[in-house]
Amino acid sequence: MEEIYAKFVSQKISKTRWRPVPPGSLQTAETFVTGSWDNEENYVSLWSMGDFGNLDSDGGFEGDPQLLCDIRHHGDVMDLQFFDQERIVAASSTGCVTIFLHHPNNQTLSVNQQWTTAHYHTGPGSPSYSSAPCTGIVCNNPEIVTVGEDGRINLFRADHKEAVRTIDNADSSTLHAVTFLRTPEILTVNSIGQLKIWDFRQQGNEPSQILSLTGDRVPLHCVDRHPNQQHVVATGGQDGMLSIWDVRQGTMPVSLLKAHEAEMWEVHFHPSNPDHLFTCSEDGSLWHWDASTDVPEKSSLFHQGGRTSTFLSHSISNQANVHQSLISSWLTDPAKDRIEITSLLPNRTLSVNSLDVLGPCLVCGTDAEAIYVTRQLFS
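Residues numbered from 1 in each chain as written. Predicted model: local features only at pLDDT ≥ 70, side-chain atom pairs only at ≥ 80, totals over all residues. Heavy atoms only, no water.

**Remarks on the confidence of the model for the protein**
For clarity, the cut-off: Looking at any residue, its pLDDT shows the predictor's confidence there, from 0 to 100. It only takes one pair of heavy atoms within 4.5 Å for two residues to be counted as in contact.
Here the protein averages 86 in pLDDT, while 85% of its residues score no lower than 70. This model gives residues 55–60 a pLDDT under 50, and the stretch forms five contacts once residues within four places in sequence are excluded. A low-confidence stretch, residues 295–326 (pLDDT under 50), is modelled with 63 contacts involving residues beyond four sequence positions or located in other chains.

**Points about the pattern of salt bridges**
Side chains carrying opposite charge are able to pair once their charged atoms draw close together. Threshold: In the sections that follow, a salt bridge refers to a side-chain nitrogen of Lys or Arg positioned within 4 Å of a carboxyl oxygen of Asp or Glu. Whether a residue is buried, partly exposed or exposed follows from its accessible area with a 1.4 Å probe, protein chains only, as a fraction of its type maximum: under 20%, in between, or over 50%, in that order.
Counted by the stated rule, this structure contains 15 salt bridges. Residues Arg152 and Asp150 are paired through a salt bridge, measuring 2.4 Å at the closest nitrogen-oxygen approach. On the basis of relative accessibility, which here comes to 8%, the residue Arg152 falls in the buried class. Shared partners join several salt bridges into a network, and the residues in it are Lys15, Arg17, Asp79 and Glu266.

**Looking at the environment of His121**
Put simply, the rule reads: Starting at the N terminus, helices and strands are each numbered in turn, a helix being any DSSP run of H or I of at least four residues and a strand any DSSP run of E of at least two.
Positionally, His121 belongs in strand β10 (residues 120–122). Using a relative accessible area of 44% as the deciding quantity, one classes His121 as partly exposed. When the C-alpha positions of His121 and Glu149 are compared, they lie 8.3 Å apart, and in sequence the two are 28 residues distant. In this structure, His121 is in contact with Ser130, Ser131, Ala132, Glu149 and Asp150, ignoring residues within four places of it in sequence.

**Side note on the packing of aromatic side chains**
Note the following rule: Only the six-membered ring of Trp is used, alongside the rings of Phe and Tyr, when aromatic pairs are assigned; centres must lie within 6.5 Å, and planes under 30 degrees apart are stacked while those over 60 apart are edge-to-face, with the rest tilted. Over a ring means this: the NZ of a Lys or the CZ of an Arg is within 6 Å of the ring centre and within 35 degrees of the ring normal.
Under the definition given, this model contains six aromatic pairs. Judged by centre distance (4.4 Å) and plane angle (20°), the rings of Trp115 and Phe156 are stacked. Here Trp115 is found in strand β9 (residues 108–115), whereas its partner Phe156 is found in strand β14 (residues 153–157), with 41 residues between them in sequence. Take Trp115 and Phe156: they sit in the same class, and that class is buried. Consider the rings of Tyr120 and Tyr129, whose centres lie 6.4 Å apart with planes at 45°: the pair is tilted. In this structure, Lys12 is placed above the aromatic ring of Trp37, and the distance from its NZ or CZ to the ring centre is 5.6 Å. Lying over the aromatic face of Tyr120, Arg152 brings its terminal NZ or CZ to 4.0 Å of the ring centre.

**Side note on the environment of Ser255**
Mapped onto the fold, Ser255 is located in strand β23 (residues 255–257). Residues Ser255 and Thr332, spaced 77 residues apart in sequence, show a C-alpha to C-alpha distance of 8.7 Å.

Dropping the structure here:
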């Protein structure tokens, strides 16, 4: 992989996301958003990459991310998602969910819409009102789903003042993350190691399916769905393990891969190249997992420093009867088909809290008050 650029931004970065490229466009991702946490004042900031690698008149790289605009954010930014090209949804530790609108003509951000009490432990209006952090959001225009520390799930629609649907006691523990499986179905992960599938077509407050890690109830922090095979899901949690699940069968993960030495904060399948997966951790590492089968004699050597990656894999399902070409490379026994792991950061820093990948571009944000960017992932 080519150069990875570091930009020091004087605030701890909790979340970072690329702005989606317009459908059918061939351009490379060049704008991303960051959110901060644990600072005296937190911000949602929009950055542009400009021309990568060309020396400007001062002899610096034009490829350095340039701040386009920012706006103050009340509370820690717990999650960020682009709703469309202009709108960004932010989740706050105050329980508030905000849609920010980017105005490209004068490079400003403004508050477009807000649900101030989306998540709370005791209700608004009561004297003992206490907010609960909104921990995760997922968008599928016009819908926004939010989850929180209060175990509540909200379904919002842009331009609707009230929630379209709320599942009040969806979980007795903290919900940490959410993703869409199919449009009416969402999947949540919680602090006791459970995945729950919810179908918004069904009334009532019960999940349609529950999967869980047996034994220790290790909190799960992150989840991502395979972009082409909606039954394949990856999760990461407090023990740093990467778990791959097939929600069609069984209630346990298909494989458990020994990964980071501390909490895994985010996991992302590459959206257009899903044999590649990316994870980041409290231990200061950012990893690229390559399960593509076209690499001859795949070695499982850990590239950075040549440390051998170890696999703890439990292949639970018997897939001999499934047509091989239909099986995701993530569902075959990873010990047989060695997965190549590359460490992307030159040296360990403080926690890497968030990452995003789009095309050849990757961005991540850290507690060391730095953003790292590369636009040459597969070169």
